[in-house]
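Coordinates in review
Given next are the chains, with one letter for each unit.
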Amino acid sequence: MRGSRPHQVVSAACTSPGRRSLAETASPRMTAQFGAARSYITHMRPQDILLPTAAGLCCKPGAFHIDPVRPVERAVITHGHSDHARAGHGAVLATQETLDMMRLRYGENFAGSTQAIRYGEEIRLGDVTVKFHPAGHVLGSAQVAVTAKDTCVVASGDYKDAPDPTCTPFELVPCDVFITEATFGLPVFRHGDASDEVKKLLASVALFPERAHLVGAYSLGKAQRVIALLRAAGYDAPIYLHGAMETITHYYQSRGIELGELRPAKGVKKAALAGTITLAPPSATSDLWTRRFPDPVTAFASGWMRVRARARQRGVELPLVISDHADWDGLTATIAATGAGEIWVTHGQEDALVHWCQSKGLKARPLDLVGYGDEEESETPIQGEAEA
Amino acid sequence: MNRFAELLDRLAYEPGRNNKLRLITGYFREVGDPDRGYALAALTGALSFKHAKPGLIRDLIAARADPVLFGLSYDYVGDLSETVALMWPKAALAAHNNPPPPTLTEVVTTLRTLGKTEMPAQLARWLDELDETGRWALLKLVTGAMRIGISARLAKTAAAALGDKDPHDIELIWPGLSPPYLDLFAWLEGRGEKPVNRDPAPFRPVMLAHAIEEGDFAALDPADYIAEWKWDGIRVQAVAGRDDRGHITARLYSRTGEDITGSFPDLVPSLHLPGAIDGELLILREGRVQSFNVLQQRLNRKVVSPKLIKEFPIHLRAYDLLGDDENDLRELPFAERRERLETFVAKLDDARIDLSPTVPFASWDALTAARANPASAGAGEDADAIEGVMLKRRDAPYLPGRPKGQWWKWKRDPHIIDAVLMYAQRGHGKRSSYYSDYTFGVWTETENGEELVPVGKAYFGFTDEELLQIDRFVRRNTTEKFGPVRHVVHEGDKGLVLEVAFEGLQRSPRHKSGVAMRFPRISRLRWDKPPREADRLETLERMLKAEPEEIEI
């Protein structure tokens with residue numbers, strides 16, 4: 001096992017006063033359930049720290065699950081996408097932004113209790129310490145470093161190492177075991193510069209000024225990133241939004257992210273939408289809803305657009321390769337840079353990434369976790385989408 | 001190269017014809033000579049490079065990528081060029097010494113002159129220099145498998161739009177042009193004279209017919225028209241001419257002007273007199289015209305084996321003469337051209353070329369009777385290969401396009417069955433929000449009792465209003481979803497009956513029902529009919545005439 005690292009030095013656990021902290025509520029129960037745990041730990045195997053279970057990744061010595069897919073007592077949530085952040089848990093520990101987004105999507109009572117944690121902040125939970133680091137995936141997304149004794153396991157959640165003006169950049173966390181996603185875990189997935197893709201969109205708008213451009217984008221993260229990229233490219237006309245986009249987008253704005261003038265697409269006359277750009281959930285771009293637009297050009301901003309057949313299957317005319325997940329080069333570079341000797345690979349193309357790790361002399365295995373990647377495939381219907 | 005790659009990339013996703021045209025014309029306007037000329041050559045299929053093979057590309061990637069990772073990737077992507085383009089490793093080049101990516105012109109001219117042994121290293125160099133889209137386009141270009149839904153005709157139409165010219169004019173001079181088409185673009189941009197077609201056997205734009213409607217007859221005098229059988233074959237133009245040295249050059253063109261001579265080398269020797277015949281390509285066995293299904297075995301073949309030629313003997317049935325030696329006959333009235341044709345075919349005196357007979361008639365009633373029963377009106381045993389009659393005005397000159405009132409086609413009534421809607425799929429482009437592709441079935445007795453078995457798929461024939469109605473029905477009656485496909489309720493008393501019209505039936509081992517329809521379309525929605533009263537598979541089987549067994553080639 002590796003020696004201690006800077007981030008493993010336990011800082012004073014900062015918990016907001018006046019708020020029930022997860023650590024406090026967890027401790028008594030911990031002692032009751034896993035009281036014996038404290039004494040035996042001298043060397044911990046990684047699988048004693050985190051273990052895949054039906055409910056999700058379980059930390060027994062800390063008595064919590066990371067991104068559980070079923071309701072659990074204590075959940076640590078990496079980010080707000082609906083396949084990772086579900087309603088109905090007892091206590092939830094997450095960044096303020098993730099908690100806010102869960103509240104917006106599921107309502108006030110989405111969890112028994114909540115506790116916010118900042119990037120760089122460390123909390124003791126049972127026999128482990130938990131520290132959050134930015135994952136660069138969407139606003140508020142985090143990697144969770146779980147340390148027991150001198151073994152550190154980082155559950156990265158979803159992450160990307162590419163620049164994104166709408167969230168804190170990915171931070172590399174050295175560790176012993178790195179749990180990586182593999183959404184784009186094949187060497188054919190190499191995402192170029194997202195700003196070049198936005199230039200493609202703007203060139204198409206210039207070429208077809210009498211048509212409307214509909215950009216399919218996941219409503220949490222991708223949509224706001226596309227808008228920010230459009231603004232950065234100098235596009236200053238109003239951008240239209242599908243009803244299902246409005247809540248989260250306005251939340252981004254409330255967190256100080258500049259997105260320029262945004263308007264609801266609802267109620268705008270068909271002719272007035274010629275030459276405009278509208279952001280919509282991917283499912284809406286092939287739905288009845290598109291009939292309100294003049295001869296729409298269907299675009300889709302996603303890492304999947306790298307593969308032509310995937311774009312054609314969806315009837316996409318203008319594929320925009322913009323991904324909030326690390327591409328193959330990003331995954332492999334990150335894995336190497338963490339210095340981890342063991343890699344656990346989850347949701348996506350595990351086989352190829354496990355093979356790559358092994359060819360580099362790293363211990364690697366796929367984690368059989370189910371229930372992730374759902375938001376990518378088909379956006380969960382959320383408030384406002386039905387009538388939008 | 002990157003600009004051309006961007007064009008190909010965009011075209012590959014664009015479903016609309018007009019938008020494709022705009023994209024191509026935009027490219028021609030923006031990009032200078034000679035790059036745009038080579039692009040036009042690539043789009044019209046005028047380029048081929050004999051040393052570039054898919055095996056070469058596999059070797060290149062095998063030397064650079066882990067075989068397991070390549071296997072998993074190829075499996076996922078499903079296209080060799082695309083897989084290689086995407087996973088090609090970034091070259092570790094000195095940052096200040098990067099060569100610029102090659103231009104399309106460099107690529108084409110190099111590929112033409114390069115020897116087989118130099119090819120791998122050169123391709124690898126380019127792949128290093130290009131981005132993903134550029135690599136994809138390069139590999140598509142060298143392997144000649146574009147598959148982006150662009151016909152040669154469409155590319156020429158886009159070029160014509162650059163100079164506001166008629167695409168027919170380009171077709172006329174096309175055979176005399178060669179890449180990079182500097183003279184063509186000079187003419188299109190008003191900088192030069194119209195290029196002259198020095199091709200001894202040029203294509204002439206074809207004349208097309210309107211479908212006749214019941215109401216049209218009242219205004220027409222039978223005495224003004226000549227009738228012929230409408231053959232169920234392929235419309236072709238067979239042209240022969242003398243080159244500078246007096247040798248005969250013969251070519252066969254499709255109705256859109258594509259040179260299809262290569263697929264029918266067995267017809268070339270028969271075209272031994274200079275002239276231009278408009279006619280129908282058929283298969284004749286022992287003097288008898290075979291069905292379209294048989295002819296289909298010879299279409300779109302790159303390699304034509306002696307066995308194929310023997311089993312499927314090609315034949316040209318002539319119905320018009322556009323040129324006789326040096327003389328252009330297109331200004332002459334049809335009746336006169338017909339006489340010239342009869343003389344010309346007699347002079348050819350070749351078993352592979354004969355005259356399409358005229359159908360004598362004195363009144364529309366007489367023609368109606370002939371159309372209803374061609375066998376007794378002179379067609380004899382060939383009646384099965386007849387799909388109706390053609391009416392041509394005696395005084396009509398040969399005009400390109402579809403001029404009103406000159407030629408009429410009067411097809412035989414199609415076959416009709418009532419089938420039940422089983423599955424629906426979203427359409428493309430403008431129709432992408434509508435369920436507009438329908439799979440329909442008929443009843444059959446199985447071991448599980450009465451079941452519907454799919455017999456075909458149709459995506460047109462209905463009006464816009466009917467499309468809305470079916471779309472609504474599909475959305476409200478979906479029982480299951482599989483990606484873009486919806487299962488629609490189809491039970492004895494629940495479901496939608498579609499009246500389907502089609503031109504012919506064929507045995508098909510690939511379909512569960514064992515039959516395949518030719519040209520099926522929705523002719524009516526039978527909201528009134530309960531699904532259990534729809535047709536049965538036996539009805540279709542009865543329609544299947546004893547076709548000769550398909551021959552393995």
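You'll find the structure just up there.
Values in this document were obtained by computation on a predicted structure and should not be read as measured data.

A look at the nonpolar core
Among the nonpolar cores identified, the biggest contains 144 residues, and A:Leu279, B:Phe4, B:Leu141 and B:Leu184 are the most heavily contacted of them. It is helix H1 (residues 2–13) of chain B that contributes the most residues to this core, seven residues altogether. Residue contacts for A:Leu279: discarding those within four places in its chain leaves A:Val215, A:Ala217, A:Ala223, A:Val226, A:Ile227, A:Ile239, A:Tyr240, A:Leu241, A:His242 and A:Met245. In this structure, B:Ala458, B:Leu496, B:Phe502 and B:Leu540 belong to the second largest nonpolar core, which totals 31 residues.

As for the environment of B:Leu322
All names here are of chain B. Assignment of secondary structure puts leucine 322 in strand S7 (residues 314–324). Taking the relative accessible area as the measure of exposure, leucine 322 reaches 0% and is therefore buried. Here the alpha-carbon distance between leucine 322 and leucine 43, two residues 279 residues apart in the chain, equals 29 Å. Not counting chain neighbours up to four residues away, the residues in contact with leucine 322 comprise Arg204, Gln237, Ala276, Asp278, Asn327, Asp328, Leu329, Arg330 and Tyr398.

Remarks on helix H10 (residues 152–162) of chain B
All names here are of chain B. A large share of H10 lies buried, amounting to nine of its eleven residues. Within the sequence span of H10, burial applies to Ala152, Leu154, Ala155, Lys156, Thr157, Ala158, Ala159, Ala160 and Leu162. Lining the buried residues of H10 we find helix H2 (17–30), helix H3 (35–43), helix H11 (167–173) and helix H12 (182–188). One or two residues past the end of H10 sits aspartate 164, with phi positive at roughly 55°.

Side note on the pattern of salt bridges
Enumeration according to the criterion identifies 54 salt bridges over all chains in this entry. Put simply, B:Arg22 and A:Glu210 hold a salt bridge, and the shortest N to O gap is 2.9 Å. With B:Arg22 in helix H2 and A:Glu210 in the loop between helix H5 (194–207) and strand S12 (213–216), this pair bridges two chains. The class of A:Glu210 is partly exposed, set by a relative accessible area of 37%.

A closer look at the side chain of A:Asp327
All names here are of chain A. Mapped onto the secondary structure, aspartate 327 falls in the loop between strand S17 (318–320) and helix H9 (328–338). Notably, aspartate 327 is buried but unbridged: the nearest opposite-charge side chain belongs to arginine 190, and the N-O separation is 6.2 Å. A distance of 3.3 Å separates a polar atom in the side chain of aspartate 327 from the backbone nitrogen of aspartate 329. Of note is the side chain of aspartate 327, whose polar atom sits 2.7 Å from the backbone nitrogen of glycine 330. Residues contacting aspartate 327, with those up to four places away along its chain left out, are Phe184, Phe189, Arg190 and His191.

Parameters at a glance
Residues numbered from 1 in each chain as written. Chains lettered and ligands numbered in written order. Predicted model: local features only at pLDDT ≥ 70, side-chain atom pairs only at ≥ 80, totals over all residues. Heavy atoms only, no water. Core = buried A, V, L, I, M, F, W, Y, C linked by side-chain atoms within 4.5 Å. Buried < 20%, exposed > 50% of the residue type's maximum accessible area, 1.4 Å probe, protein only. Helix = DSSP H or I, 4+ residues; strand = E, 2+ residues; numbered from the N terminus. Contact = heavy atoms within 4.5 Å. Salt bridge = Lys/Arg side-chain N within 4 Å of Asp/Glu carboxyl O. Lys, Arg positive; Asp, Glu negative; His and termini not counted. Polar contact = N/O pair within 3.5 Å; in protein donor to acceptor, adjacent residues only side chain to side chain.

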